[in-house]
Amino acid sequence: MMSGSAPPKRIVIAGGGTAGWMTAAAVAKTLGGVAHVTLIESDAIGTIGVGESTIPPLVKFNQILDINEADFMRATKATFKVGINFEGWKEIDHVYFHSFGLTGRDHWTSGFQHFWLRAAHEGLAADYGAYCLEVAAAQAQKFAQLPDYAMNYSFHIDAGLYAKFLRQIAEKNGAERIEGRIENVTLHPETGMIQSLTLDAGRSIAGDIFVDCTGFRALLIGKALGVGYIDWSKYLPCDSAIAVQTRSTRPPPPYTRAMAHDAGWQWRIPLQHRTGNGIVYCSAFLDKDDALQRLLSGLEGETLIQPNFIRFQAGVREQQWRKNCVAIGLSSGFLEPLESTSIHLIQRSVLRLLRMMPLGDVSPADVDEFNDQADTDMWQIRDFIILHYVATHRNDSAFWNQCRSMEVPDTLRHKIDLFRQTGRVFRKNEELFAENSWVQVMLGQGVMPETYHPIANKMSSDELTKFLGMIQANVSRTVERLPPHEAYVRQYCGADDS
């Protein structure tokens, strides 16, 4: 018999940071009154705090939480982002842009790339990005929010300030924060479920659902419950990063920079008040001291913090939900931030947990479905990131030679072969990256299709030229009317420097 008066569910979140407070804010906002949210964190334990470049689904997450966008951006000293500028990935001096937007105009039988491919074959086409509003706006460093989200965007944010902002929302909706370091995890002797967490001061926190946001330490899902980790370093060999912040010296562009080097890549993320900088590398090809020197020698502006050294292993937890514990954030797995998916994966898991929150006991069917969906998210994003490494013409270093010749998952090999042979991209199971994302990165990395869809031949050469010209002219006219990105940010959500 279903109970209509079940007591409030006790949800205990271990760890703060972006993962912990995104979880707390969303659960408290959605289930406040029928669930009690407790978050345990220690001020003595730092957070990674480098996931500051985001993707468009965060706009929807903010809407779900009834967050005023300008207030959010002001509080996090955010700027807008319309994509990522990839520098030196196909070849040392080659540049391409992966935008959030649509390119050209699709036909129901095929994407715009097929019409562009035919035009390129006949010498009638401009660069593929010339037909995308977001690419043209980024190149002009312009931006505005347009009606009906005609300009797709996300944000560059200060991750530490974002956690503080979310904490206010969570506590406003009844979440309780407890200061302390977790010393012990008590399991039920018969079921193996987590019963409680014991803190360094001796206090015990009991719960029904436990969310592991303890980062790479994975205190609950890994150490207490013994869930293993699947190593993906054979596909993604980078294992180290160094992050540092600098004072801004120039107007912030509305995009992230991803700059390849001979053993990995560097990022540059512009906020209102500072710039986030980092280097990602494979320690087998570059040592820590040389990586630090390479990062520091290329900085613009005064450094604001000491460099933060991070070691990681690309991979995924064997199960992201085990018993009554759900891993969210770095405890669930890690994919390098090349396509800014860290916060998105947190968001996906939080919303998935809310959809599958049990009324009473945990349902094994829910656990299986959660894990299946979470695994699919991870390997689909993994494949997209691997694409940047394996589809390259670089042969200037041992690192790139290894990447270019490495074995790749069958799922990615199929996508590359399909695109190379036909120009087609097929997506499955609510896959994150849209067809145009795959097209932009495939073309940008040098994967050029051998054929295109026959629908493109329905136009005469004159009709095709007019079709492309109209799209490019519309893009140019729109960009001409846009304000500079810096001016728009200052007017819309300018933050104090304090």
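Some remarks on the overall build of the protein chain
Helix and strand counts for the protein chain come out as 15 helices and 21 strands. Computed over its C-alpha atoms, the radius of gyration of the protein chain comes to 23 Å, within 12% of the 23 Å expected for a compact globule of 498 residues. Among the 498 residues that make up the protein chain, the fraction classed as buried is 56%. When contacts within the protein chain are restricted to residue pairs at least 6 apart in sequence, long-range pairs at least 24 apart make up 76% of them. Counting 48 positive and 56 negative side-chain charges, the protein chain places the averaged centre of each group 2 Å from the other.

Quick notes on the packing of aromatic side chains
Here the distance between the centres and the angle between the planes together describe a pair of aromatic rings. The final tally for this structure, using the stated rule, is 34 aromatic pairs. Taking the centre distance of 5.8 Å and the plane angle of 75° together, the rings of F285 and F399 count as edge-to-face. Of the two residues, F285 is situated in the loop between β16 (274-281) and α8 (288-297) and F399 in helix α11 (residues 398-405); the sequence distance between them amounts to 114 residues. With relative accessibility at 32%, the residue F285 sits in the partly exposed group. For F399, a relative accessible area of 0% puts it in the buried group. An aromatic cluster is present here, built from F72, F80, F143, Y149, Y153, F155, Y162, F165, Y488 and Y492 joined pairwise through their rings. Above the plane of the ring of F309 lies K288, whose end atom (NZ or CZ) is 5.0 Å from the centre. Directly above the aromatic system of W438 lies the positively charged group of K415, at a separation of 4.8 Å from the ring centroid.

As for unusual backbone geometry
With phi around 55°, Q141 is a residue other than glycine that occupies positive phi space. Here Q141 is to be found in the loop between α5 (133-140) and β6 (154-156).

Details of the packing of helix α10 (residues 364-390) against α11
Remark: α10 packs on α11, axes separated minimally by 8 Å, with the N-to-C direction vectors making an angle of 125°. By the angle between their directions, the pair α10 and α11 is classed as oblique. Between α10 and α11, the residues in contact are H388, Y389 and V390 and F399, W400, C403 and R404, respectively. Classifying every residue of the contact of α10 with α11 by side-chain character gives five nonpolar, one polar and one charged.

Some words on the environment of M406
Considering the arrangement of structural elements, one finds M406 in the loop between α11 and α12 (410-422). In this structure M406 comes out as buried when scored by relative accessible area, which is 12%. Discounting chain neighbours no more than four positions away, the residues touching M406 are K234, Y235, I386, Y389 and V390.

A closer look at the side chain of T76
Take T76: it is sitting in helix α3 (residues 69-76). From its side chain, T76 meets the backbone oxygen of F72 in a polar contact 2.8 Å long.

Some points on the nonpolar core
One finds F72, F155, L166 and I328 to be the most contacted residues of the largest nonpolar core, which totals 70 residues. At nine residues, helix α1 (residues 17-31) tops the list of elements feeding residues into this core. Ignoring any residue separated from it by four or fewer positions in sequence, one finds I328 in contact with A19, T23, V211, D212, C213, I346, S349, V350 and L353. Counting 64 residues, the second-largest nonpolar core is a separate cluster that includes C238, L338, I416 and V447.

Concerning the sheet that holds strand β12 (residues 229-231)
Ordered by their spatial adjacency, three strands build an open sheet running β12-β18-β21, and the pairing between neighbours is antiparallel. Two strands lie at the open edges of the sheet, namely β12 and β21 (333-334), each paired on one side alone. Of the strand pairs in this sheet, β12 and strand β18 (residues 315-317) are connected by three bridges, and their pairing is antiparallel. Counted as the bridge partner of I230 is V316 from β18. Along the sheet, α10 contacts β18 and β21; its crossing angle with β18, the most-contacted strand, is approximately 175°.

Regarding the packing of α1 against helix α6 (residues 159-172)
Interaxial distance between α1 and α6 falls to 8 Å at its minimum, and their mutual angle equals 25°. What the angle tells us is that α1 and α6 run roughly parallel. Relative to α6, α1 is oriented so that their crossing is left-handed. For the pair formed by α1 and α6, the contact residues are G17, T18, W21, M22, A24, A25 and A28 on the first element and A159, Y162, A163, L166, R167, I169, A170 and E171 on the second. Of the residues belonging to the contact of α1 with α6, the class tally is 11 nonpolar, two polar and two charged.

Describing α6
Between its first and last C-alpha atoms α6 spans 20 Å; for 14 residues at 1.5 Å apiece the expected length is 20 Å, and the two agree. Considering only its buried residues, α6 is in contact with α1, α2 (57-64) and α3. Regarding α6, its N-cap is D158, as a side-chain oxygen of that residue lies 3.0 Å from the backbone nitrogen of G160 further along. Where α6 terminates, the next one or two residues include G174, which has phi positive at roughly 100°.

Let's talk about the sheet that holds strand β9 (residues 194-199)
Taken in spatial order, the three strands of this open sheet run β8-β9-β10, and their pairing is antiparallel. Edge positions in the open sheet fall to β8 (182-187) and β10 (204-206), since each of these has one partner strand only. The mean angle between the axes of side-by-side strands here comes to 25°, regardless of whether they run parallel or antiparallel. Alignment of β8 against β9, held across five bridges, turns out to be antiparallel.

Quick notes on the state of the cysteines
Going through the model one piece at a time under the given rule, you end up with zero disulfides. Free cysteine C238: the closest other cysteine sulfur is in C282, separated by 6.1 Å. Exposure remark for C238: the relative accessible area of 1% places this residue in the buried category. Among the cysteines around C325, which has no disulfide bond, C213 carries the closest sulfur, lying 9.3 Å off.

As for helix α9 (residues 342-355)
An ideal rise of 1.5 Å per residue puts 20 Å on 14 residues; α9 measures up with 20 Å between its terminal C-alpha atoms. Within α9, 11 of the 14 residues are buried, leaving the element largely enclosed by the surrounding structure. Looking at α9, one finds that the buried residues are I343, H344, L345, I346, Q347, S349, V350, L351, R352, L353 and L354.

Criteria and cut-off values
- Residues numbered from 1 in each chain as written.
- Predicted model: local features only at pLDDT ≥ 70, side-chain atom pairs only at ≥ 80, totals over all residues.
- Heavy atoms only, no water.
- Helix = DSSP H or I, 4+ residues; strand = E, 2+ residues; numbered from the N terminus.
- Rg over C-alpha atoms; globule rule 2.2 N^0.38 Å.
- Buried < 20%, exposed > 50% of the residue type's maximum accessible area, 1.4 Å probe, protein only.
- Contact = heavy atoms within 4.5 Å.
- Lys, Arg positive; Asp, Glu negative; His and termini not counted.
- Charge placed at Lys NZ, Arg CZ, Asp CG, Glu CD.
- Phe/Tyr/Trp six-rings, centres within 6.5 Å; stacked < 30°, edge-to-face > 60°.
- Lys NZ or Arg CZ within 6 Å of the ring centre and 35° of its normal.
- Axes fitted to C-alpha atoms, helices over the stretch in contact; angles between N-to-C directions.
- Parallel < 35°, antiparallel > 145°, perpendicular 65-115°, else oblique.
- Nonpolar A, V, L, I, M, F, W, Y, C, P; charged D, E, K, R; others polar.
- Polar contact = N/O pair within 3.5 Å; in protein donor to acceptor, adjacent residues only side chain to side chain.
- Core = buried A, V, L, I, M, F, W, Y, C linked by side-chain atoms within 4.5 Å.
- Pairing = 2+ DSSP bridges.
- Left-handed = near helix turned anticlockwise from the far one by under 90°.
- Expected span 1.5 Å × (residues − 1).
- Disulfide = S-S within 2.5 Å.

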